Amino acid sequence: IFARGTGEEVEKLGSEFIWEAPDGSDVLAHWLPLSYGNIAWLPPDVEDAISVIDGVLEQLQQRSVINTCLLMNGSDHLEPQKHLPDVIKRYNKTHDGNLVLGTLPMFVELMREKRDQLKRFRGEFRRSKHQNLLSGVYSARVYLKQSNEATQRFIERWVEPWNACRWTLDGQYPLHEIRQAWKYLLKNHPHDDICGCSIDEFHEDMMQRFRWTYEI
């Protein structure tokens, strides 16, 4: 479930499709045409909130393949909106369609049920017809990218393979230590972290996590 990177291909694919890798493996994919907060910040008045939802649905329905639209009532740093259940109840009383307060796994199951209706796409999403890619972050705080590449390759290509070899010999494998190393590394992977667009102190903490990973 993603927003950035699409170009002309989604005009034919729609918002739900099967994304295929070069080796033939695939995943179900849902593109968010209006990004990941399409009904965030709903007005406090229930009727006004419904008007916003109507406008968003009108745009999403044009691209939906499975005839079910994904409404995202949330965004960065937002708390849940307490009146959302009231909005849903009112909407369902006054509209033919049906809103359900659900989860992303529930939506994916609906996609899976209609998998045979989905088109397939093979290739990267590195275009910016609908949302900016923000490629300027590639050169922001390059030392973070270098540290991450070195650390991740070290775990993937040295630590894990050699410990797998050791396990075949004496049955010992430092699972908990390796898992903790991955946890430190993955905490450096959210986009505001690895993109290097926060304050200095924030990224100093990242470098410490890289060091902890190496120490383990």
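Going by the structure above, here's the rest.
Residues numbered from 1 in each chain as written. Predicted model: local features only at pLDDT ≥ 70, side-chain atom pairs only at ≥ 80, totals over all residues. Heavy atoms only, no water.

Observations concerning unusual backbone geometry
And step 1. The phi angle at S35 is positive, at roughly 70°, despite the residue not being glycine.
And step 2. Relative to the elements of secondary structure, S35 occurs in the loop between β2 (26-30) and α2 (46-60).
And step 3. A positive phi angle is found at L134, which is not glycine, with a value near 60°.
And step 4. Structurally, L134 can be placed in the loop between β3 (120-122) and α5 (142-170).
And step 5. The class for L134 is partly exposed, based on a relative accessible area of 48%. (Helix = DSSP H or I, 4+ residues; strand = E, 2+ residues; numbered from the N terminus. Buried < 20%, exposed > 50% of the residue type's maximum accessible area, 1.4 Å probe, protein only.)

Section: the packing of α2 against helix α3 (residues 84-94)
And step 1. It is the contact of α2 with α3, at a shortest axis distance of 10 Å, that shows an interaxial angle of 70°. Relative to α3, the element α2 lies roughly perpendicular. Judged by the sense of rotation from one axis to the other, the crossing of α2 with α3 is right-handed. On the side of α2, the interface is formed by V46, E47, A49, I50, I53, D54 and L57, while α3 contributes D86, V87, R90 and Y91.
And step 2. Among the residues forming the contact of α2 with α3, the class breakdown is seven nonpolar, no polar and four charged. (Axes fitted to C-alpha atoms, helices over the stretch in contact; angles between N-to-C directions. Parallel < 35°, antiparallel > 145°, perpendicular 65-115°, else oblique. Left-handed = near helix turned anticlockwise from the far one by under 90°. Contact = heavy atoms within 4.5 Å. Nonpolar A, V, L, I, M, F, W, Y, C, P; charged D, E, K, R; others polar.)

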